[in-house]
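# Coordinates in review
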Amino acid sequence: MKDCYGRNIDYLRISITDKCNLRCRYCMPENGISLLNHAHILRYEEIYLFLKAAVKNGIKKVRITGGEPLTRRGIVDFVSMVRSFDKIEDIAITTNGILLPDMAKKLKNAGLDRINISLDTLDSEKYFYITRGGSLKDALLAIDKASEYFPVKINSVLIKNFNENEFDDFVLLAMKYNMQVRFIEKMPVGYGAVHFDEEYVSCEELLKKAEKISSGEPFNDGVATVYPLRKDRAAIGFITPLSHKFCTGCNKIRLTSDGKVKTCLFSQNEYDIKPYINSEEEMDKFYREIIAKKEEQHFINNKNQNQWIQNRDMNKIGG
Ligand code: SAM
Ligand code: SF4
């Protein structure tokens, strides 16, 4: 289904929980988070009803996220449920990977197509610091295991004076696993707005480095600009919502774990699906109405702070 600006909305990100087994500094507050009331978290059957309307109206690609999606019980069966829609061509998960080694094969059998693993540094002390307690060993094991079953991409949030100098190490990682490593500009969303001034850095310098080592012309992969390296799928990508915004090509909507649809990551607008979960017809109508309301573009940049204040931390949206 097209929105009012002619964009074909075919990509849905579903956050299935706001809980997480890590506490990344750019995502959650230091003292933990106020979790959403369990009673407000959508049941899988409720998500299914929304998904049915979404698929009927053109969704072809689904990404499951969180919080940490692998912490929610029933995730494997949920993947099978999503797979049961013939029209869904691609199912992916974004995860920190900690629980992945034991689950990778089950997820593959359930019909998962691809995995993105979040990893901001290859230094174990820095990993411990940025995740407030995580072990780099676990994340690396996750990459190893996931690569046995899936195409894997790495998401790395670029943070000033923290991981900018690890570009070469990430290139080696991309080559080792024949995968794409994508640097993401830090976004001033929820808790991400705290310390934003000190921590935001645009991808500009790393883009220049990638240009120099690239084996071919850059190409677009969703919202990422990707520079190929000398090996099949090995590549370095950049997601730059602030320095080069990509709203004109935005094909995405998001469903939060408490049942709100966000038609733009950076918008305060949210649309509650709960009043419609008892009627397929009503849900379908609701779906069409919210697509018609999708924002043309966002207005955040690294300066207009009044746009930063968001009602949700990233773990409550899903990235
Ligand atoms: N827990 C999973 C994970 O970390 O991959 C999935 C949820 S997490 C919210 C999804 C993505 O959002 C991760 O790649 C994470 O690095 C990214 N993210 C979180 N806060 C961010 C921020 N302030 N700016 C940019 N990316 C952020
Ligand atoms: Fe958890 Fe992912 Fe947020 Fe890190 S980025 S705290 S792993 S939800």
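### Observations concerning the packing of helix H1 (residues 44-56) against helix H2 (residues 75-83)
Where H1 contacts H2, the two axes come as close as 11 Å, and the packing angle between them is 20 degrees. Accordingly, the angle class assigned to the pair H1 and H2 is roughly parallel. Where H1 crosses over H2, the handedness of that crossing is right-handed. In this structure, H1 uses Tyr-44, Glu-45, Ile-47, Tyr-48 and Leu-51 to contact H2, whose residues at the interface are Ile-75, Phe-78, Met-81 and Val-82. Residues that form the contact of H1 with H2 fall into these classes: eight nonpolar, no polar and one charged.

### Side note on the environment of Pro-151
Relative to the assigned elements, Pro-151 resides in the loop between helix H5 (136-149) and strand S5 (152-158). We classify Pro-151 as partly exposed; its relative accessible area is 33%. A C-alpha to C-alpha distance of 22 Å links Pro-151 and Glu-217, two positions 66 residues apart in sequence. Look past the residues within four positions of Pro-151 in its chain and what remains in contact with it is Asp-113, Arg-114, Ile-115 and Arg-233.

### Points about the site of ligand 2
Near ligand 2 the following residues occur: Cys-20, Leu-22, Arg-23, Cys-24, Cys-27, Met-28, Gly-67 and Asn-96. In terms of residue class, the shell around ligand 2 is made up of five nonpolar, two polar and one charged.

### Digging into the pattern of salt bridges
Applying the stated criterion across every chain, the model contains 17 salt bridges. Asp-284 is the partner of Lys-56 in a salt bridge, and the nearest nitrogen-oxygen pair spans 3.4 Å. Taken together, the residues Lys-56 in helix H1 and Asp-284 in helix H9 (residues 280-292) connect sequence positions 228 residues apart. On the basis of relative accessible area, Lys-56 is assigned to the exposed category, the value being 61%. Taking the relative accessible area as the measure of exposure, Asp-284 reaches 13% and is therefore buried. Across the salt bridge formed by Asp-221 and Lys-153, the nearest N and O atoms sit 2.8 Å from each other. Of the two residues, Asp-221 is situated in strand S7 (residues 219-221) and Lys-153 in strand S5; the sequence distance between them amounts to 68 residues. Linked by salt bridges that have partners in common, Arg-43, Glu-45 and Glu-46 make up one network.

How each quantity is defined
- Residues numbered from 1 in each chain as written.
- Chains lettered and ligands numbered in written order.
- Predicted model: local features only at pLDDT ≥ 70, side-chain atom pairs only at ≥ 80, totals over all residues.
- Heavy atoms only, no water.
- Axes fitted to C-alpha atoms, helices over the stretch in contact; angles between N-to-C directions.
- Helix = DSSP H or I, 4+ residues; strand = E, 2+ residues; numbered from the N terminus.
- Parallel < 35°, antiparallel > 145°, perpendicular 65-115°, else oblique.
- Left-handed = near helix turned anticlockwise from the far one by under 90°.
- Contact = heavy atoms within 4.5 Å.
- Nonpolar A, V, L, I, M, F, W, Y, C, P; charged D, E, K, R; others polar.
- Buried < 20%, exposed > 50% of the residue type's maximum accessible area, 1.4 Å probe, protein only.
- Near = heavy atom within 4 Å.
- Salt bridge = Lys/Arg side-chain N within 4 Å of Asp/Glu carboxyl O.

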